[in-house]
Amino acid sequence: LIPLEDGSRLTLNTASKAEILFSAGERRVTLVEGEASFEVASDAKRPFVVIAGDTRVRAIGTGFTVRRLEGDKVQVLVREGVVEVRRAAAATLPPARGTANERVIVDGGYRVESLNSGTVRRELAWREGMLAFEDQSLGKAAEEFARYSDRRIAFADPGIAEETITGLYATNDPQGFARSAALSLGLRAETTRDGVVLRR
């Protein structure tokens with residue numbers, strides 16, 4: 001948790017980097033990579049703006065999260081308040097607006113998804129050192145754990161990576177996750193020098 005000079009708060013996820021530049025006319029945070037969560041203090045004279053690639057997110061007294069991972073679209077998850085999302089490459093389009101329990105996905109244009117409160121809590125579990133999955137493939141779960149630990153989860157055959165899992169797991173315990181997944185899916189978890197391999 002990083003308190004900012006205006007009373008706002010910034011929380012960076014693992015493998016994430018942000019640059020902060022506040023001026024008399026604007027409060028700007030550039031998300032270089034990764035994921036960041038914001039609690040924005042109200043200041044009508046200085047808008048709070050997050051830059052992620054060519055996407056500009058303007059907060060209107062709100063709490064929200066911006067995710068920018070390599071190969072992924074920019075995603076803005078709104079917990080409360082309103083955000084305005086605009087992409088430089090789509091300047092002719094009107095900006096998208098996201099409100100509480102909505103996600104704005106930037107991919108060419110804008111797509112706004114409505115989320116239930118449970119999904120929002122799962123998406124923010126990383127702030128408590130946890131990863132929450134609901135019908136998530138083991139392959140995608142392994143990618144998430146790889147952001148938090150050097151211990152890797154591998155699969156003896158590609159079909160295992162397509163199996164799905166639901167649950168709440170500590171970000172720093174990929175082996176515990178793999179053992180739990182093996183138990184629930186009838187697999188074997190074999191410890192290796194680099195991590196763990198799941199086998200049928």
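Structure: above.
As the structure is a prediction and not an experimental result, all values here were calculated from the model.

**Q** Just give me the short version of the nonpolar core, but keep the residues and values in it.
**A** If you look at the biggest cluster of nonpolar residues, it comprises 23 residues, and the most contacted ones within it are F38, F48, F64, V66 and V76. Where this core is concerned, the elements lending two or more residues are β4 (27-39), β5 (48-52), β6 (55-68), β7 (74-87) and β9 (102-107). Looking at which element gives the most residues to this core, the answer is β7, with 5 residues. Excluding its chain neighbours within four sequence positions, the residues that come into contact with F64 are A36, S37, F38, V40, V50, V57, A59, V76, L77, V78, R79 and V83. Among the nonpolar cores identified, the runner-up in size contains 19 residues, and A141, A142, I165 and L198 belong to it.

**Q** Provide a residue-level description of unusual backbone geometry, including the pertinent values.
**A** Positive phi, normally seen in glycine, also occurs at A15, with a value near 50°. Inspection of the secondary structure puts A15 in the loop between β2 (9-12) and β3 (17-22). Positive phi, close to 50°, is recorded for D135, a residue that is not glycine. Mapped onto the elements of the fold, D135 is located in strand β11 (residues 130-137).

**Q** So what's going on with the environment of F64? Which residues, and what values?
**A** Tracing the backbone shows F64 in strand β6. With relative accessibility at 0%, the residue F64 sits in the buried group. Sequence separation between F64 and V83 is 19 residues, and the spatial gap between their C-alpha atoms is 8.0 Å.

**Q** Before we move on, can you summarise the pattern of salt bridges with the specific residues and values?
**A** For the coordinates displayed, the defined rule picks out 21 salt bridges. For R28, the salt bridge goes to E26, with nearest N and O atoms at 3.0 Å. The salt bridge partner of D157 is R200, with a shortest N-O separation of 3.9 Å. Taken as a pair, D157 in the loop between β12 (152-155) and α3 (158-161) and R200 in the segment after β15 (195-199) lie far apart in primary sequence, 43 residues in all.

**Q** Go over a nonpolar patch on the surface with me, naming the residues and quoting the values.
**A** A cluster of nonpolar side chains, contributed by I2, L12 and I20, occupies part of the molecular surface with about 210 Å² of accessible area. Within the element layout of this structure, L12 appears in strand β2.

**Q** So what's going on with the sheet that holds β12? Which residues, and what values?
**A** Pairing in this open sheet of 3 strands is mixed, and the strands run β12-β15-β14 from one edge to the other. Two strands bound the open sheet, and with one partner strand each, they are β12 and β14 (188-191). Looking at each pair of strands side by side, their axes are set apart by 25° on average, direction ignored. Across 4 bridges, the pairing between β12 and β15 is parallel. Bridge pairing in β15 places F155 opposite L198. Packing of helix α2 (residues 138-146) onto the sheet brings it into contact with β12 and β15, and relative to β12 it is tilted by some 160°.

**Q** Provide a residue-level description of the side chain of R103, including the pertinent values.
**A** Structurally, R103 can be placed in strand β9. Of the polar contacts made by the side chain of R103, one reaches the side chain of E123; its length is 3.2 Å. Non-local contacts of R103, meaning those with residues more than four positions away in its chain, are made with Q75, V76, L77, R111, V112, E113, L115 and E123.

**Q** Requested: an account of the packing of aromatic side chains, with residues and values cited.
**A** Taken as a whole, this structure holds 8 aromatic pairs when the rule is applied. Seen from their ring centres, F145 and F177 are 4.8 Å apart, and the 35° between their planes marks the pair as tilted. Taken as a pair, F145 in helix α2 and F177 in helix α4 (residues 174-185) lie far apart in primary sequence, 32 residues in all. Assessed through its relative accessible area of 1%, F177 is described here as buried. Taking the centre distance of 4.8 Å and the plane angle of 85° together, the rings of Y169 and F177 count as edge-to-face. Site record: aromatic cluster; members linked through ring pairs are F22, F38, F48 and F64.

Here is what the cut-offs are and how they apply
Residues numbered from 1 in each chain as written. Predicted model: local features only at pLDDT ≥ 70, side-chain atom pairs only at ≥ 80, totals over all residues. Heavy atoms only, no water. Core = buried A, V, L, I, M, F, W, Y, C linked by side-chain atoms within 4.5 Å. Buried < 20%, exposed > 50% of the residue type's maximum accessible area, 1.4 Å probe, protein only. Helix = DSSP H or I, 4+ residues; strand = E, 2+ residues; numbered from the N terminus. Contact = heavy atoms within 4.5 Å. Salt bridge = Lys/Arg side-chain N within 4 Å of Asp/Glu carboxyl O. Patch = residues over 30% accessible without salt bridge, like charges linked within 9 Å, V, L, I, M, F, W, Y side chains within 5 Å. Areas by Shrake-Rupley, 256 points an atom, 1.4 Å probe, with all protein chains shown as cover. Pairing = 2+ DSSP bridges. Axes fitted to C-alpha atoms, helices over the stretch in contact; angles between N-to-C directions. Polar contact = N/O pair within 3.5 Å; in protein donor to acceptor, adjacent residues only side chain to side chain. Phe/Tyr/Trp six-rings, centres within 6.5 Å; stacked < 30°, edge-to-face > 60°.

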